[in-house]
Structures are given as structure tokens and as C-alpha cells.
Amino acid sequence: MNKILAIFAIGFALAAAIQYFAAQTLERSLAAEEAAHAVTRQERDDWKARAQAATTRAEALADNARRCLEREAQAQADAAERAAIMDAARPRPRTETEKARVVDDETRHRAVRRLNRPL
């Protein structure tokens with residue numbers, strides 16, 4: 001009977017040793033996975049920050065492009081308006097009253113040069 005108890009005790013000790021080493025291996029594996037997850041979390045946070053910065057830059061560029069397009073549209077409208085005014089202008093001789101009461105030719109020519117300046 002003592003032999004049977006000794007065999008059971010040895011078997012139990014071997015099973016406990018095997019379980020202990022299996023648990024140690026599992027704990028090491030778990031620690032490695034936790035370390036890998038920490039690295040992955042850090043990489044995720046880094047990429048998230050980069051994406052937020054890129055989004056901010058893209059929004060600023062889009063806003064800048066919108067403003068440029070608005071300025072271009074306004075410049076084209078101004079040019080069309082100016083062209084319409086210039087196309088409608090017809091020279092005529094000045095009356096004697098206009099010669100006496102309207103600004104001198106030099107001032108008028110300076111104003112015309114200003115208006116005819118390229119955009």
C-alpha cells in the first residue's frame with residue numbers, strides 16, 4: 001500500500017511540476033503579448049496624431065483653395081464688368097461747358113490709365 005501511495009505521490013509531484021512549467025511558459029507568453037500590445041497602442045497613438053495633423057493641414061489647404069477660387073471668380077467678374085464698361089464707352093467731343101467744368105485732360109488720362117491697367 002505504501003508503494004501505491006509513493007507512486008501516486010511521485011505522479012502527483014510530476015503533474016504539479018509539469019503544470020508549474022506550463023504556467024511559467026504561459027506567463028512569459030502573456031508578458032510578451034502585453035509588451036507587443038503596448039507597442040501597438042503606442043504606434044496607434046502616433047498614427048492617430050499624424051492623421052489628425054494631416055487632417056488639420058488638409059482642411060487649411062482646402063480653405064485656402066476655396067478662398068483662392070472665390071478671389072479668382074471675383075477677379076473674373078471684375079474683368080468682365082470692366083470690359084463691358086470699356087466696350088460701352090464711346091468717345092465724343094466735349095462740349096464747351098464740359099471743357100470749362102470737367103477735370104483737365106491730364107487728370108482724365110491718368111484716371112483712364114488707372115482703369116485700363118491689367119488686373
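Residues numbered from 1 in each chain as written. Predicted model: local features only at pLDDT ≥ 70, side-chain atom pairs only at ≥ 80, totals over all residues. Heavy atoms only, no water.

**A word on the pattern of salt bridges**
Item 1. Using the criterion set out here, one finds five salt bridges in the structure.
Item 2. Here Arg-66 ties to Asp-63 by a salt bridge, and the two come within 3.7 Å at their closest N and O atoms. Note that Arg-66 and Asp-63 are positioned in helix H1 (residues 2-88) at a spacing of three residues, about one turn of the helix.
Item 3. In this structure, Glu-106 engages Arg-113 in a salt bridge whose closest nitrogen and oxygen atoms are separated by 3.5 Å.
Item 4. A single network of salt bridges, built from pairs that share partners, joins Asp-63, Arg-66 and Arg-67. (Salt bridge = Lys/Arg side-chain N within 4 Å of Asp/Glu carboxyl O. Helix = DSSP H or I, 4+ residues; strand = E, 2+ residues; numbered from the N terminus.)

**Focus on the confidence of the model for the protein**
Item 1. Scored by pLDDT, the protein has a mean of 89; 99% of the residues are at 70 or more.
Item 2. Across the protein, the element-wise mean pLDDT spans from 82 in helix H2 (residues 96-101) up to 92 in H1. (pLDDT = per-residue confidence, 0-100.)

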